[in-house]
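# Structure assessment
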Amino acid sequence: FMKISLITVTFNSASTLRDTFESVLKQEYVNYEYIVVDGGSKDTTVDLIKEYEPLFNGRMRWISERDNGMYDGINKGIRMSTGDVVGIINSDDFYHRTDIFNLIAEAFEDKAIQAIYGDVRFVNPDNLQKTVRYYDSSSFKPSKFRWGWMPAHPSFFTYRENFERYGYYKEDYKIAADYELLIRHLYVNKVPYKYLPVDFLMMRTGGKSTSGLKSTIVLNKEIVRACRENGLWT
């Protein structure tokens, strides 16, 4: 049976983290490990982690220490992981269905597939039932990276060894390290992937890459840089 490693990076995430934990607990497929990497939160995040840890019956591992930002935290989580495939769920996102791990494990039964991704829903933080935007990854192909287009990163799962092979997240990016990593894996190294026509999870709007003009400017600069560093004209 395939073992799934799921990683959540937290920093002062107490207000949303319970939803994330509950949604992972509800997954029907149980051969997974859940790694939580906290960046030294000052709120009640660590209390919440300690509260939930026993509910995972040994499947949760966590650390809390200062880090160099989100991508450093994700890289730590990947290095701690022992599963066959790795995915990430942010501390303000949550699965709204219980069969996501089943679908992931099923897709990877095809040994030709090295990575999968699907769709995500953006929801209103004040009304989680209200879908603000549906992010549809179906028409993605690697040539679209040059137009600033990527598959939904929170739905991306790939073999753990691919991080060893093709590299981890670049920690000197502020927002678009996920973009750069996906270019490197899917475009440069042509990792064989499969699209699953499923909305994997709910994302609250107002996250790092969707908040305000200033972050849009940073994001666009980093996307251009990511393309340039990987020899992709944009």
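To start, this report covers the structure provided alongside it.

Parameters and conventions
Residues numbered from 1 in each chain as written. Predicted model: local features only at pLDDT ≥ 70, side-chain atom pairs only at ≥ 80, totals over all residues. Heavy atoms only, no water. Helix = DSSP H or I, 4+ residues; strand = E, 2+ residues; numbered from the N terminus. Rg over C-alpha atoms; globule rule 2.2 N^0.38 Å. Buried < 20%, exposed > 50% of the residue type's maximum accessible area, 1.4 Å probe, protein only. Contact = heavy atoms within 4.5 Å. Pairing = 2+ DSSP bridges. Right-handed = clockwise from strand over helix to strand, strands pointing away. Lys, Arg positive; Asp, Glu negative; His and termini not counted. Salt bridge = Lys/Arg side-chain N within 4 Å of Asp/Glu carboxyl O. Polar contact = N/O pair within 3.5 Å; in protein donor to acceptor, adjacent residues only side chain to side chain. Core = buried A, V, L, I, M, F, W, Y, C linked by side-chain atoms within 4.5 Å. Axes fitted to C-alpha atoms, helices over the stretch in contact; angles between N-to-C directions. Parallel < 35°, antiparallel > 145°, perpendicular 65-115°, else oblique. Left-handed = near helix turned anticlockwise from the far one by under 90°. Nonpolar A, V, L, I, M, F, W, Y, C, P; charged D, E, K, R; others polar.

Let us look at the overall build of the protein. A tally of helices and strands in the protein yields seven helices and nine strands. Taken against the 2.2 N^0.38 rule, which gives 17 Å for 234 residues, the C-alpha radius of gyration of the protein at 17 Å falls within 12% of a compact globule. Projected onto its principal axes, the C-alpha coordinates of the protein cover approximately 50 × 40 × 35 Å. The burial tally for the protein puts 52% of its 234 residues in the buried class. In the protein, of all internal contacts separated by at least 6 residues, the share reaching a separation of at least 24 is 78%.

With that settled, the discussion passes to the pairing of strand 4 (residues 85-88). Along strand 4, one buried face is formed by Val85 and Gly87 and the opposite face, lined by Val86 and Ile88, is buried too. Sheet analysis places strand 1 (residues 4-10) next to strand 4, joined by four bridges and oriented parallel. Looking at the pairing, isoleucine 7 lines up with isoleucine 88 of strand 4.

By the bridge criterion, five bridges tie strand 2 (residues 32-38) to strand 3 (residues 60-64) in an arrangement that is parallel. Within strand 3, the residue paired with tyrosine 34 across the bridge is methionine 60. Where the polypeptide runs from strand 2 across helix 2 (residues 45-52) and back to strand 3, its parallel neighbour, the crossover connection is right-handed.

Attention now goes to the side chain of aspartate 38. By the secondary structure assignment, aspartate 38 is in strand 2. At 8.1 Å, lysine 42 is the nearest oppositely charged side chain to aspartate 38, a buried residue that forms no salt bridge. At 2.5 Å, the side chain of aspartate 38 and the side chain of serine 41 are in polar contact.

Counting residues in each nonpolar core, the largest one holds 68 residues, and the members touching the most others are Tyr34, Phe101 and Ile104. Tallying contributions element by element places helix 6 (residues 177-188) first for this core, with six residues. Once residues lying within four places of it in the same chain are set aside, the contact partners of tyrosine 34 are Leu6, Ile7, Thr8, Thr20, Phe21, Val24, Phe56, Arg59, Met60, Arg61 and Ile89.

Our focus in this paragraph is the packing of helix 6 against helix 7 (residues 212-229). Running from N to C, helix 6 and helix 7 cross one another at 25°; their axes reach a closest spacing of 9 Å. In this view, helix 6 runs roughly parallel relative to helix 7, as classed from their interaxial angle. In the crossing of helix 6 with helix 7, the sense of the turn from one axis to the other is right-handed. Side by side, helix 6 and helix 7 meet where Tyr179, Glu180 and Ile183 of the first sit next to Ile223, Ala226, Cys227 and Glu229 of the second. Among the residues forming the contact of helix 6 with helix 7, the class breakdown is five nonpolar, no polar and two charged.

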